[in-house]
Amino acid sequence: MGTPSPRAVLALAAALAGLSAPRAACEQPNFIVILADDVGWGDLGANWAETKETPHLDELAAEGTRFVDFHSAASTCSPSRASLLTGRLGARNGVTHNFAITSVGGLPLNETTLAEVLREAGYSTGAIGKWHLGHHGRHHPSFRGFDYYFGIPYSHDMGCTDTPGYNRPPCPPCPRHGAAARATRKDCYTEVALPLFENVTIVQQPVNLSSLAARYAEEAARFIRRASNGGRPFFLYLALAHMHVPLEGSPPPPASARGVYGAALSEMDTLVGRIKRVADSHGKGNTLLWFAGDNGPWAQKCELAGRLGPFVGAWQRQRGGSSAKQTTWEGGHRVPALAYWPGRIPAKRTSRALL
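Looking at an unreviewed UniProt entry, one finds the protein chain named ARSG Arylsulfatase, with Ardeotis kori as its source organism. Here the protein chain is described in UniProt, under the heading Cofactor (unreviewed entry), as follows: "Ca(2+)".

Okay, structure coming up:
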């Protein structure tokens, strides 16, 4: 399959907005893709009335288009991210399983990423957050089309941190069907110190998870300001740590009855709201902001897993299964998705298109 052209990428944005042609080259739009980790379809109040912790995301949905039948390309982290950045399913791009700390490979080097296409079109490109597509050699994001990278190389449960009291449930966190929980073993990765990268330099190891969300938000805002002030269009890929375990052990906000999970969901919502405000302040109407999840919630984590909404998979749950991450049941890959582009994407629209 050939490399997509920069004009094809802009045409895709135009199609999303319901337009017949892309903007002229002198008016290239900015792109922000915010990818939540292990978020449930029902974790957005706009999707599920029982959820009260997402006022900023609900506002984003009201001011843009909400896609209620949007599916990630896989129900696990690495394959869904590889597909998002290449436009090709795992069977074609070669990424069908998660990469581990010990993995020496990554997203195949002959695959073209969206960042490479947009950089060729004159864009400033940045990746902030979790990568999980290979961390050795030229698999690192700095060699996959991104001018700037700030984040961790894989999931933040894949290593020890310096955050005392951080909510790290046992592995697995609770007995299933009366079986005793396993003892913590190497598959919980606690013997590895988790690094935080800025470009190719480790700036903190082990990473302090308590401050990671705030650092992501600040780096994302700084990247937007820097690119905007430099007069170049930008592509920002913001891959959040939320809502993957471990979750911050902070007290829940007053409006939340969901404990630790509700507090973390509220924190994520606030972060997304901040990025939206920063983007709007640098030219409202110039930026397409896309919010989605990489896959469904991690049901094994019990009270630390997200809401599935109506996609609970009653049939398989009666037989000991679940409808969530790592499954091909709907809750594993149907994820929330929002598109916001003032003046281009209609507000208060719900799309039931299968995407």
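## Digging into the sheet that holds strand β10 (residues 349–351)
Taking strand neighbours across the sheet as the criterion, the 10 strands line up as β6-β5-β4-β3-β7-β1-β8-β9-β2-β10 in an open arrangement whose pairing is mixed. Two strands bound the open sheet, and with one partner strand each, they are β6 (201–204) and β10. Averaged over all adjacent pairs, the angle separating strand axes in this sheet is 15°, with direction ignored. In the sheet, strand β1 (residues 30–36) pairs with strand β7 (residues 234–239) via five bridges, with the strands oriented parallel.

## Section: helix α3 (residues 77–86)
For α3, the buried fraction is high: nine of the 10 residues fall into the buried class. Among all positions of α3, only C77, S78, P79, S80, R81, A82, S83, L85 and T86 are buried. In this fold, the buried residues of α3 make contact with β1, α4 (90–93), α5 (114–120) and β7. One or two positions beyond α3, positive phi appears at G87, with a value near 75°.

## A closer look at the environment of A347
Turning to its location among the elements, A347 is positioned in the loop between β9 (337–340) and β10. A relative accessible area of 46% means that A347 is categorised as partly exposed. The spatial distance from the C-alpha of A347 to the C-alpha of G64 is 4.1 Å, given a sequence separation of 283 residues. When sequence neighbours within four positions are dropped, the list of residues in contact with A347 reads A62, E63 and G64.

## Notes on the confidence of the model for the protein chain
Atomic detail in the predicted coordinates should be set aside for any region of low pLDDT. Averaged over all residues, the pLDDT of the protein chain is 87; the fraction at 70 or higher stands at 82%. Long-range and interchain partners of residues 19–26, a stretch whose pLDDT sits below 50, account for 12 contacts in this model, where long-range means more than four residues apart. With pLDDT under 50 throughout, residues 178–185 is counted as low confidence; its partners more than four residues away or in other chains account for six contacts.

## With respect to the environment of R88
Here R88 is to be found in the loop between α3 and α4. Take R88: its relative accessible area is 17%, and that puts it in the buried class. Expressed as a C-alpha distance, the spacing of R88 and A73, which sit 15 residues apart in the sequence, is 8.7 Å. A distance of 2.9 Å separates a polar atom in the side chain of R88 from a polar atom in the side chain of E111.

## Brief notes about the pattern of salt bridges
One pass over the full model with this rule turns up 18 salt bridges. Put simply, R334 and D69 hold a salt bridge, and the shortest N to O gap is 3.1 Å. Of the two residues, R334 is situated in the loop between α9 (330–333) and β9 and D69 in the loop between β2 (65–67) and α3; the sequence distance between them amounts to 265 residues. We classify R334 as buried; its relative accessible area is 12%. A salt bridge links E219 to R222; the nearest nitrogen and oxygen atoms lie 2.7 Å apart. Here E219 pairs with R222, and both are found in helix α6 (residues 212–229), just three residues apart, close to one helical turn. Assessed through its relative accessible area of 33%, R222 is described here as partly exposed.

## What to know about the packing of aromatic side chains
Inspection of the entire model under this criterion finds nine aromatic pairs. A ring pair is formed by F31 and Y123, whose centres lie 5.8 Å apart and whose planes are at 20°; its orientation type is stacked. On the criterion of sequence distance, the pair formed by F31 in strand β1 and Y123 in the loop between α5 and β3 (124–129) is long-range, its members being 92 residues apart. Note on F31: relative accessible area 8%, which makes it buried. Judged by centre distance (5.3 Å) and plane angle (70°), the ring pair of F70 and W290 falls under edge-to-face. On the criterion of sequence distance, the pair formed by F70 in the loop between β2 and α3 and W290 in strand β8 (residues 287–293) is long-range, its members being 220 residues apart. By relative accessible area, which is 16% here, F70 ends up buried. Following the ring pairs from residue to residue traces out a cluster consisting of W131, F146, F235 and Y237. Sitting over the face of the ring of Y148, R226 holds its NZ or CZ atom 5.2 Å from the ring centroid. Note that K325 overlies the ring of W298, its terminal NZ or CZ placed 4.1 Å from the centroid.

## Observations regarding the nonpolar core
Core analysis: the largest hydrophobic core is formed by 51 residues, its most contacted members being I32, I34, M268 and F291. Within the second largest apolar cluster, 31 residues are counted, among which are F70, L118, A127 and A339.

Criteria and thresholds
Residues numbered from 1 in each chain as written. Predicted model: local features only at pLDDT ≥ 70, side-chain atom pairs only at ≥ 80, totals over all residues. Heavy atoms only, no water. UniProt positions renumbered as here; feature names shortened; annotations may be inferred. Pairing = 2+ DSSP bridges. Helix = DSSP H or I, 4+ residues; strand = E, 2+ residues; numbered from the N terminus. Axes fitted to C-alpha atoms, helices over the stretch in contact; angles between N-to-C directions. Buried < 20%, exposed > 50% of the residue type's maximum accessible area, 1.4 Å probe, protein only. Contact = heavy atoms within 4.5 Å. pLDDT = per-residue confidence, 0-100. Polar contact = N/O pair within 3.5 Å; in protein donor to acceptor, adjacent residues only side chain to side chain. Salt bridge = Lys/Arg side-chain N within 4 Å of Asp/Glu carboxyl O. Phe/Tyr/Trp six-rings, centres within 6.5 Å; stacked < 30°, edge-to-face > 60°. Lys NZ or Arg CZ within 6 Å of the ring centre and 35° of its normal. Core = buried A, V, L, I, M, F, W, Y, C linked by side-chain atoms within 4.5 Å.

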